[in-house]
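So the chains spell out like this:
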Amino acid sequence: MSEHWTETEQHPIGSGFGHGSTAKEVIDGINLQGKTAIVTGGYSGLGLETVRALVSAGADVTVPARRLEHARSVLADAGLSGAVHVEHMDLADQDSVKDFAARYLAGHEKLDILINNAAIMASPEQRVGPGWEAQFATNHLGHYTLVNTLWPALEASGNARVVSLSSTGHKISPVRFEDFNFSTGYDKWQAYGQAKTANALFAVELDRLGRESGVRAFAVHPGGIMTELQRHLPKEEMVAAGWMNAEGKVREGFKTPEQGAATSVWAATSPALAGMGGVYCEDCDIANPTDKASPLSRYQGVDAHAVDKADARKLWALSAELTGINAFG
């Protein structure tokens, strides 16, 4: 399915939702009966609330998980076990991603919603696959391969959406094309920033490549939320960053997981985004470009390097070279 499209501007559209909106609120009145969805990391934090919202609207949801029994246990505790399919997949293992995609394609004709939610953050230096830096390999390359191997099902939908979770972490670093593997010295926050920029650029290029087939892509900043994502961070570091006080009380402005899932769910389902794509969203709307003069520039808006079309193409080419996979090659 092709559609008439114009470039989507990186400016809010007045969605009617905002910072405090919940996933339940943004999906109210939307019917997903007959729709299929995959949510990576759909068994903790934001992912779990994203799955809850999609199931509530009638979607058939699959959650790929590295820890199968743990995922099943969490979903059962959330009252979702009967409504969700759990399949094994490890984003850091390219063969595991391809195996999951092959199983999914064998059992499903189409895929309407893919939410690339899973991530690791500021982890100690680790190498995976052929020596790739783990945050880039897991957060970006794993999802790159997932989308490219699931492409036949996305294309078959005729009206699919792919949501790529980025964050304000993208402001820390662009993609370091000259040394994306940090072979000259590892910095966990620079590596996280690079991976989150890659997630945003991925949506830009996927949208360009996929829109003639009716596949649109969005990058999303969910907001600041305390979830398992922080598992690699000592409390002292989070206190120093101003995320919480010495007693562990999270600072004002952080979202609940229900609020944090809202922008992903909005980007994946909102009728207001019909015919749009390739933009970065926050607080349940399309974000503004970063206002460098604002005292909130570190926390609001999208930096130019994360939506740069030339870098998005360059990253796609690099990813295709590294993984040997390109649905559009």
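All residue numbers here refer to positions counted from 1 along the written sequence of the relevant chain. Where local features are concerned, this predicted model is filtered to residues with pLDDT of at least 70; where side-chain atom pairs are given and counted, the filter is 80 or more; whole-chain, interface and lining totals use all residues. With hydrogens and water set aside, each side-chain value is computed from the structure's full complement of heavy atoms.

Caption draft 1: Looking closely at the packing of aromatic side chains. In this analysis, rings of Phe, Tyr and Trp, with Trp reduced to its six-membered ring, are considered paired at centre separations within 6.5 Å, and the interplanar angle assigns stacked below 30 degrees, edge-to-face beyond 60, and tilted for intermediate values. Counted by the stated rule, this structure contains nine aromatic pairs. Between Trp189 and Tyr192, the aromatic rings sit 6.0 Å apart at their centres with planes inclined by 85°, giving edge-to-face as the arrangement. One end of the pair is Trp189 and the other is Tyr192, both in helix α7 (residues 188-210) and three residues apart, which spans about a single turn. Trp189 sits in the partly exposed class, given a relative accessible area of 22%. Runs of E in the DSSP output that reach at least two residues are strands. Runs of H or I that reach at least four are helices, and both are numbered from the N terminus. Any residue under 20% of the maximum accessible area for its type is buried, any over 50% is exposed, and the rest in between are partly exposed; the area is computed with a 1.4 Å probe on protein chains only.

Caption draft 2: Spotlight on the side chain of Gln135. Considering the arrangement of structural elements, one finds Gln135 in helix α5 (residues 134-149). Accessibility expressed as a relative area gives 0% for Gln135, which makes it buried. Any N or O atom pair separated by 3.5 Å or less is treated as a polar contact, with the protein-specific requirement of one donor-capable and one acceptor-capable atom, and with residues adjacent in sequence counted only for side-chain atom pairs. Polar contacts involving the side chain of Gln135 include one to the main-chain amide nitrogen of Ala122, which spans 2.9 Å.

Caption draft 3: Molecular detail of the environment of Glu212. Here Glu212 shows up in the loop between α7 and β8 (216-221). Separated by 54 residues in the primary sequence, Glu212 and Gly158 have C-alpha atoms spaced 9.4 Å apart.

Caption draft 4: Geometry of the pairing of strand β2 (residues 60-65). Most of β2 is tucked away: five of the six residues are buried. Note: strand β1 (residues 36-39) against β2, three bridges, orientation parallel. In the sheet register, Ile38 faces β2, and the bridge partner there is Thr62. This β-α-β element, β1 to helix α2 (residues 45-56) to β2, shows right-handed connectivity. Bridging between β2 and strand β3 (residues 84-88) involves five bridges; their strand directions are parallel. By the bridge assignment for β3, Val61 is matched with Val84. One bridge is not enough; two strands pair if DSSP finds at least two bridges between them. Handedness rule for crossovers: strands pointing away from the viewer, path from the first strand over the helix to the second running clockwise, crossover right-handed.

Everything listed here is a matter of coordinates, which is why it stays silent on function.
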